[in-house]
Amino acid sequence: MSKMSRRDFLKRSVVAGGVVMSGAGKLAFAADGSPVGTFYDLTKCDGCRDLPVPACVTACREENQQKFPRPADQIELYWPRNIKEDWSDKKELTTRLTPYNWTFVQTVSVEHNGQTVQVSMPRRCMHCDNPPCATLCPFGAQNKMPEGPVLINKELCLGGAKCRDVCPWGIPARQAGVGLYMKIAPKYLGAGVMYKCDLCYDRIRSGGAPACVEACPKRAIQFGETKAMLEAAQARNSAINGYIYGDKENGGTSTFYVSPVPFERINEKLQEQKSRQENPKAPGFPGTPVEVGNILDTANGTVAGLVIAPLAGAFAAGYAAYKTMKGGE
Amino acid sequence: MAQKILPDENKVQRHGFRGRFTHWTVALSTLALIVSGFGQMPMYKRYYIADLPGLGWTADYSTTLIVHYLAAMVLLFAVTFHLVFHVIRKDYDLIPKRGDFRTSYLIIKAMVTEQEAPPSGKYLAEQRLAYAFLAFSFLIVGLTGLLKVLKNLPSVNFSAQAMVWISDLHTLSAFLLVFGIVAHLAAFLFRENRPLLPAMFTGKVNLNYVKHRHRLWYARLSGKGSAVSLQEAPAQVPEENIRVS
Ligand code: SF4
Ligand code: SF4
């Protein structure tokens, strides 16, 4: 962020600080410019049982309509394969993540302490602390912004879906027939553009809250400084003697869920649901793997070797040169 | 090192064990880096390369990333060894000299027209140029690579612009490197260059070849060269004027 826009951001944030953004009125939003996050209280969310489509999902779709893909009429298959990822005829789908649906609600019934508990869990990008989707993008088309959200640059994205493969939840969704690759060699290279939640970046830059947060009739989603959100989640967690998700997963995220039942159990149910789907391999239906690691952990663990290797090389060379010169070579 | 004429074998010792070890360590680690580096782009799966027997791992980003890091360590070791060793010994035979572009042209012309080439030192002018080109590519790909390693650490986050620059420079310089390697290998399409090949394996080259094509080097090794003839042919000087005594 440039100096100008940061100052701008701060100014607006201070103004917005006075506005109640979430269920917890005391949480002023990022008044000092620190990154923002969200806290989903799953004891409050009921999945909008009475509505055909949950309020947060509808709000998200309305808010982001303009950002949804507008693919070409004729879309080439991904040579040499006979496939293409085209969701343009499934725009109305609200039961999974697609390029046209950036949040959806999963509902499971879980046996816990002799009781059957129904849990509804709105899902979307977790906006991770060290997002492998962004870090590992070979073209630098994805970024963690200073404000917290992880954004995909749709001008640069070629749709290789590496971000989806390295995301523990497979969040980004691909639409073929749009983006940079269409201008190069659409048949042979590239596959589209990846789409996902951007935490309503424009709104939060101008001091607002994401559309889903404002739309929730139960005030189940809180929005504010990530640190404050984590504290709120932890407090709620101890109060209900529950379970927390998103604080450790993928090396830490800025999205925290608190549930009355263990996320291991939720994950089992989600995997069951997924396996019963028409195409169980289809992306866009994330599980809740508990304490799932970050794909970069192993590589980062070897970094010391990258420091030691050149030192060892220099040392070995010094020794070898000394020996040969002494030997009169 | 240990360059010397081996009259009994009718050969010249061109590279010692260290030189060959460094060359092949750089070559193999670079090959691993190229294969695993291309694996960072979603291509091995799409184009069925991962379906070839034994290549399933190429489609797995976590595997190719680790291979990339490990190979980078090996390369860093070999490159620092090479640089420090040659700097300490003040051995700059591979650094391009003035007029190398023109001399390369003359050498290549001589190969094509099957005429006498201008006399060379241990390395041909185009070998020095190729070295410089590869060194430059390695420098850029290495520096941007190290920045990418930094960026992968949890505590480091670069700006969106920096990410695009670093990523694209890394990719671009990797392509330069691949191009350089292809050109390096293409040199052996010329029959005249092939006698150099065994030197990379056994360390030795044919004595007659050296006498004929690396006259300046031969003069230096045999101690017969005068001060003047030890200078490599400046490109401006017509080759007829150069005679190794
Ligand atoms: S949830 Fe997935 S897509 Fe979102 S920031 Fe984390 S790794 Fe990236
Ligand atoms: S988070 Fe709120 S709006 Fe979304 S499904 Fe739950 S209750 Fe409805």
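Everything that follows concerns the structure shown earlier in this document.
Description of the structure in this document.

**Looking at helix α7 (residues 226-240) of chain A**
All names here are of chain A. Between its first and last C-alpha atoms α7 spans 21 Å; for 15 residues at 1.5 Å apiece the expected length is 21 Å, and the two agree. If you check which residues of α7 are buried, you get T226, A228, M229, A232, A233 and N237. Those residues of α7 that are buried lie in contact with β1 (36-41), β8 (221-225), β9 (243-245) and β10 (255-259).

**Description of helix α7 (residues 215-222) of chain B**
Every buried residue of α7 of chain B is listed here: R215, L216, W217, Y218 and A219 of chain B. Of the residues one or two after α7 of chain B, G223 of chain B is the one with positive phi, at around 70°.

**Focus on the site of ligand 1**
Taken together, 14 residues lie near ligand 1, and C125, M126, C128, C133 and C167 of chain A sit nearest. Grouping the constituent residues of the shell around ligand 1 by class yields 11 nonpolar, 2 polar and 1 charged.

**Focus on the interface of chain B and chain A**
Contacts between the two partners involve 40 residues from chain B and, on the opposite side, 47 residues from chain A. Each partner contributes to the roughly 3,700 Å² buried at the junction of chain B and chain A, and carbon and sulfur atoms together form 66% of this total. The tally of links from chain B across to chain A stands at 0 salt bridges. At the boundary of chain B with chain A, the tally comes to 14 residue pairs in polar contact (both at pLDDT 80 or more). For the side of chain B that touches chain A, the leading source of residues is helix α2 (residues 61-88) of chain B, giving 14 residues. Partitioning the side of chain B that touches chain A into residue classes produces 24 nonpolar, 8 polar and 8 charged.

**Some thoughts on the sheet that holds strand β1 (residues 4-6) of chain B**
Residues and elements named next belong to chain B. Read across the sheet, 3 strands follow the order β1-β2-β3 without closing on themselves; strand pairing throughout is antiparallel. The two strands at the open ends of the sheet, each matched to only one other strand, are β1 and β3 (204-206). Ignoring strand direction, the axes of neighbouring strands in this sheet form an average angle of 30°. As defined by bridge partners, strand β2 (residues 11-13) adjoins β3 across 3 bridges and the pair is classed as antiparallel. Paired with K11 across the strands is N206, a residue of β3. The strands touched by α7 are β1, β2 and β3; relative to β1, the strand with the most contacts, the crossing angle is about 90°.

**Concerning the nonpolar core**
Y257 and I266 of chain A are the most contacted members of the largest nonpolar core, which totals 58 residues. If you tally residues by element for this core, the top one is strand β2 (residues 104-112) of chain A, at 4 residues. Core analysis: the second largest hydrophobic core is formed by 14 residues, A309 of chain A together with Y61, L65 and L153 of chain B among them.

**Structural notes on the side chain of S120 of chain A**
Residues and elements named next belong to chain A. With respect to the helices and strands, the residue S120 is situated in strand β3 (residues 115-123). Of the polar contacts made by the side chain of S120, one reaches the side chain of T107; its length is 3.0 Å. Contact partners of S120, with chain neighbours within four places excluded, come to L42, C45, D46, G47, V105, Q106 and T107.

**A word on the packing of aromatic side chains**
Applying the stated criterion across every chain, the model contains 13 aromatic pairs over all chains. Between F133 of chain B and F179 of chain B, the ring centres sit 6.0 Å apart and the planes meet at 75°, which makes this aromatic pair edge-to-face. Placement of the pair is F133 of chain B in helix α4 (residues 125-152) and F179 of chain B in helix α5 (residues 160-186), with a sequence separation of 46 residues. An aromatic cluster is defined as three or more aromatic residues linked by ring pairs; in this entry it consists of F68, Y100 and W102 of chain A. Directly above the aromatic system of Y48 of chain B lies the positively charged group of R81 of chain A, at a separation of 4.0 Å from the ring centroid. The ring of W217 of chain B carries R14 of chain B above its face, with NZ or CZ at 5.2 Å from the centroid.

**Section: the site of ligand 2**
Of all residues adjacent to ligand 2, which total 13 residues, the nearest are C45, C48, P54, C56 and C216 of chain A. Along the lines of polarity and charge, the residues of the shell around ligand 2 split into 10 nonpolar, 1 polar and 2 charged.

**Some points on the pairing of β10 of chain A**
All names here are of chain A. Along β10, 5 of the 5 residues are buried, which leaves the element largely enclosed by surrounding structure. Going residue by residue along β10, you find T255, Y257 and S259 tucked away on one face and F256 and V258 tucked away on the opposite face as well. Where β1 meets β10, 4 bridges bridge the pair, whose relative direction is parallel. The residue bridging Y40 from the neighbouring strand is Y257, located in β10. Across 3 bridges, the pairing between β9 and β10 is antiparallel. Bridge pairing links I244 to V258 in β10.

**What to know about the pairing of β8 of chain A**
Residue and element names in this part refer to chain A. The buried count for β8 comes to 5 of 5 residues, which makes it a mostly enclosed element. Strand direction decides the pairing type here: β1 and β8, joined by 5 bridges, are antiparallel. Within β8, the residue paired with V36 across the bridge is E225.

Definitions and cut-offs
Residues numbered from 1 in each chain as written. Chains lettered and ligands numbered in written order. Predicted model: local features only at pLDDT ≥ 70, side-chain atom pairs only at ≥ 80, totals over all residues. Heavy atoms only, no water. Helix = DSSP H or I, 4+ residues; strand = E, 2+ residues; numbered from the N terminus. Expected span 1.5 Å × (residues − 1). Buried < 20%, exposed > 50% of the residue type's maximum accessible area, 1.4 Å probe, protein only. Contact = heavy atoms within 4.5 Å. Near = heavy atom within 4 Å. Nonpolar A, V, L, I, M, F, W, Y, C, P; charged D, E, K, R; others polar. Buried area = accessible area lost by both parts, 1.4 Å probe. Salt bridge = Lys/Arg side-chain N within 4 Å of Asp/Glu carboxyl O. Polar contact = N/O pair within 3.5 Å; in protein donor to acceptor, adjacent residues only side chain to side chain. Pairing = 2+ DSSP bridges. Axes fitted to C-alpha atoms, helices over the stretch in contact; angles between N-to-C directions. Core = buried A, V, L, I, M, F, W, Y, C linked by side-chain atoms within 4.5 Å. Phe/Tyr/Trp six-rings, centres within 6.5 Å; stacked < 30°, edge-to-face > 60°. Lys NZ or Arg CZ within 6 Å of the ring centre and 35° of its normal.

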